[in-house]
Amino acid sequence: MSNKALATNRTIELNDGNKIPALGLGSATPPEDHQRLIDAVKAAVRAGIRHIDTAWYYGSEPYIGQALKELFDNGEVQRKDLFITSKVWPALWDRAEQSLKQTLKDLGVDYVDLLYQHWPVCFKTDEDGLPKKPFDENGAIKFDEKGDYLETYKQILRLRDTTNHVKSIGVSNYTEKQLDRLIEEVGVLPVLNQIELHPRIPQKKLVEYFEAKGVKIEAFSPFGAQGAPLLKEPKVEELAQKYDVSPNEILTSYHIMSGRSVVPRTSTAERVNQLIHLAQLTKEEIAALDQIGIDEPKRFIQEDWGTDIGFEHWKKVPSWEEKK
Ligand SMILES: NC(=O)c1ccc[n+]([C@@H]2O[C@H](COP(=O)([O-])OP(=O)(O)OC[C@H]3O[C@@H](n4cnc5c(N)ncnc54)[C@H](OP(=O)(O)O)[C@@H]3O)[C@@H](O)[C@H]2O)c1
């Protein structure tokens, strides 16, 4: 039995009085990996992870629901001991309730602990009624010019206040500009802003701005997304050796030791045990990790529809038209 500190014991206090487990399992899994996802969710819960991050858009909720059913039926965990989040996709910007209903049905639960607005943009719904794909046949983004992203937030807030199906409300991919508008026009703070955050893109100003307003930051893509490029950073490897933990755990501890939650993904059940330990990184070590991104900033998630949101170091991906 290892005597290393566990990240699974850490929680973060939110501005509405609820607490979120600092370590969550991400689940934006490619469609062919469904059985792997089911196994990874079960392994994560068995390893003590109590927070699962998902979204209507990922298509993974029915499979997470299968894993949860097995865990609940076996008495391995109870619903009240888990923290499950989901997100409302921009094509459902004016139908948050519809999104939530589908999510609850697929997950097989009757509430989510936190419901996020996925992106502060609005898409048109496809003609076939499937609101997933935001591009037309020419590759152009189908923004809904009549839409207002703040309407989604207001609808999620109403769901929190008028139903028993949402405990806390969050936003994702918001910059300071969108938060200012939200505060001015709605006045009720989200508990969290989930953004891409890791040593290649430390975004210290944005993080400090949200935290000063009382909104916690949660890091997505902590390994640099598909392919996990950050695991190979020499500084990350050096610290992993020093603390006798995996490089993954240096990248999750970087957030947890800074008071943030983090949602790493693995669909490989055996790797779950490389996520659960906490390295007690010093302030100097965290600053040394930040330096990687200060010197060479890079985002790994740069969706076309995010270009105008206002994030720093966002390089526009060429559209289908431009690639021709
Ligand atoms: N709000 C948003 O807009 C947004 C956007 C992106 C992500 N997210 C959330 O954040 C979560 C995490 O982000 P992410 O999925 O983009 O990426 P990530 O957690 O940075 O990295 C996931 C990738 O790392 C690989 N990996 C993990 N450990 C590894 C190891 N030891 N060796 C080699 N590869 C390893 C995984 O492969 P295996 O599965 O094979 O282990 C997977 O391909 C998502 O799942 C989602 O829940 C939210």
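Residues numbered from 1 in each chain as written. Predicted model: local features only at pLDDT ≥ 70, side-chain atom pairs only at ≥ 80, totals over all residues. Heavy atoms only, no water.

- Naming follows an unreviewed UniProt entry, where the chain appears as Aldo-keto reductase family 1 member of Wickerhamomyces ciferrii.

**Quick notes on the overall build of the chain**
For step 1, the next point in the chain: Along the chain, the regular secondary structure elements total 10 helices and 10 strands.
For step 2, the next point in the chain: Principal-axis analysis of the C-alpha atoms places the extent of the chain at approximately 55 × 50 × 40 Å.
For step 3, the next point in the chain: For the chain, buried positions account for 52% of its 324 residues.
For step 4, the next point in the chain: Relative to all contacts within the chain whose residues are 6 or more apart in sequence, the contacts with residues 24 or more apart total 73%.
For step 5, the next point in the chain: Counting 43 positive and 51 negative side-chain charges, the chain places the averaged centre of each group 2 Å from the other. (Helix = DSSP H or I, 4+ residues; strand = E, 2+ residues; numbered from the N terminus. Buried < 20%, exposed > 50% of the residue type's maximum accessible area, 1.4 Å probe, protein only. Contact = heavy atoms within 4.5 Å. Lys, Arg positive; Asp, Glu negative; His and termini not counted. Charge placed at Lys NZ, Arg CZ, Asp CG, Glu CD.)

**Section: the UniProt feature "active site" (unreviewed entry) in the chain**
For step 1, the next point in the chain: Here, the residues flagged by UniProt with the feature "active site" (unreviewed entry) are Y58.
For step 2, the next point in the chain: Tracing the backbone through its elements, the reader meets Y58 in the loop between β4 (51–53) and α2 (61–73). (UniProt positions renumbered as here; feature names shortened; annotations may be inferred.)

**Points about helix α5 (residues 176–185)**
For step 1, the next point in the chain: When α5 is considered as a whole, its buried residues turn out to be Q178, L179 and L182. Taken end-on, α5 shows its buried residues confined to a sector of 100°, consistent with a single buried face. In α5, the exposed residues that point more than 90 degrees away from the buried face are K177 and E184.
For step 2, the next point in the chain: Where the residues of α5 are buried, they touch α4 (149–162), β7 (166–172) and α6 (204–213). (Arc of directions from axis to C-beta.)

**Topic: the nonpolar core**
For step 1, the next point in the chain: In this structure, L115, Y174, I250, L281 and L289 are the most contacted members of the largest nonpolar core, which totals 90 residues.
For step 2, the next point in the chain: If one sorts the elements of this core by residue count, α4 sits on top with 6 residues.
For step 3, the next point in the chain: Among all residues touching I250, those that are not within four sequence positions of it are V236, L239, A240, Y243, V245, A279, L281 and L289. (Core = buried A, V, L, I, M, F, W, Y, C linked by side-chain atoms within 4.5 Å.)

**Describing the site of the ligand**
For step 1, the next point in the chain: Around the ligand sit 31 residues in total, of which D53, R265, T266, S267 and R271 are the nearest.
For step 2, the next point in the chain: Taking A28, its main chain carries an N or O atom lying 2.9 Å from an oxygen atom of the ligand.
For step 3, the next point in the chain: The side chain of Y58 places a nitrogen or oxygen atom 3.4 Å from a nitrogen atom of the ligand.
For step 4, the next point in the chain: In isolation the ligand offers 910 Å² of accessible surface; the protein chains occlude 88% of this area.
For step 5, the next point in the chain: Among the residues making up the shell around the ligand, the classes are represented as 11 nonpolar, 15 polar and 5 charged. (Near = heavy atom within 4 Å. Polar contact = N/O pair within 3.5 Å; in protein donor to acceptor, adjacent residues only side chain to side chain. Areas by Shrake-Rupley, 256 points an atom, 1.4 Å probe, with all protein chains shown as cover. Nonpolar A, V, L, I, M, F, W, Y, C, P; charged D, E, K, R; others polar.)

**Regarding the sheet that holds β7**
Strands pair in a sheet through their backbones, by hydrogen bonds, and they do so in one of two ways: parallel or antiparallel.
For step 1, the next point in the chain: Spatially, β3-β4-β5-β6-β7-β8-β9-β10 is the arrangement adopted by the 8 strands of the open sheet, whose pairing is parallel. Each edge of the open sheet is held by one strand with a lone partner, namely β3 (24–25) and β10 (261–263).
For step 2, the next point in the chain: Direction of pairing for β3 relative to β4: parallel, over a ladder of 2 bridges. Across the sheet, the residue bridging to L25 is I52, located in β4. (Pairing = 2+ DSSP bridges.)

**With respect to the packing of helix α3 (residues 96–107) against α4**
For step 1, the next point in the chain: Where α3 meets α4, the axes come as close as 9 Å, and the angle between the chain directions of the two elements is 55°. Between α3 and α4, the angle is such that the two are oblique. Of the residues in α4, those touching α3 at A96, E97 and L100 are Q155, I156 and L159.
For step 2, the next point in the chain: Across the contact of α3 with α4, the residue classes break down as 4 nonpolar, 1 polar and 1 charged. (Axes fitted to C-alpha atoms, helices over the stretch in contact; angles between N-to-C directions. Parallel < 35°, antiparallel > 145°, perpendicular 65-115°, else oblique.)

**A look at the environment of T175**
For step 1, the next point in the chain: The topology assignment puts T175 in the loop between β7 and α5.
For step 2, the next point in the chain: Sequence separation of T175 and N193 is 18 residues, and the distance between their C-alpha atoms is 8.9 Å.
For step 3, the next point in the chain: Aside from chain neighbours lying at most four places away, what touches T175 is L206, F210, I309, G310 and F311.

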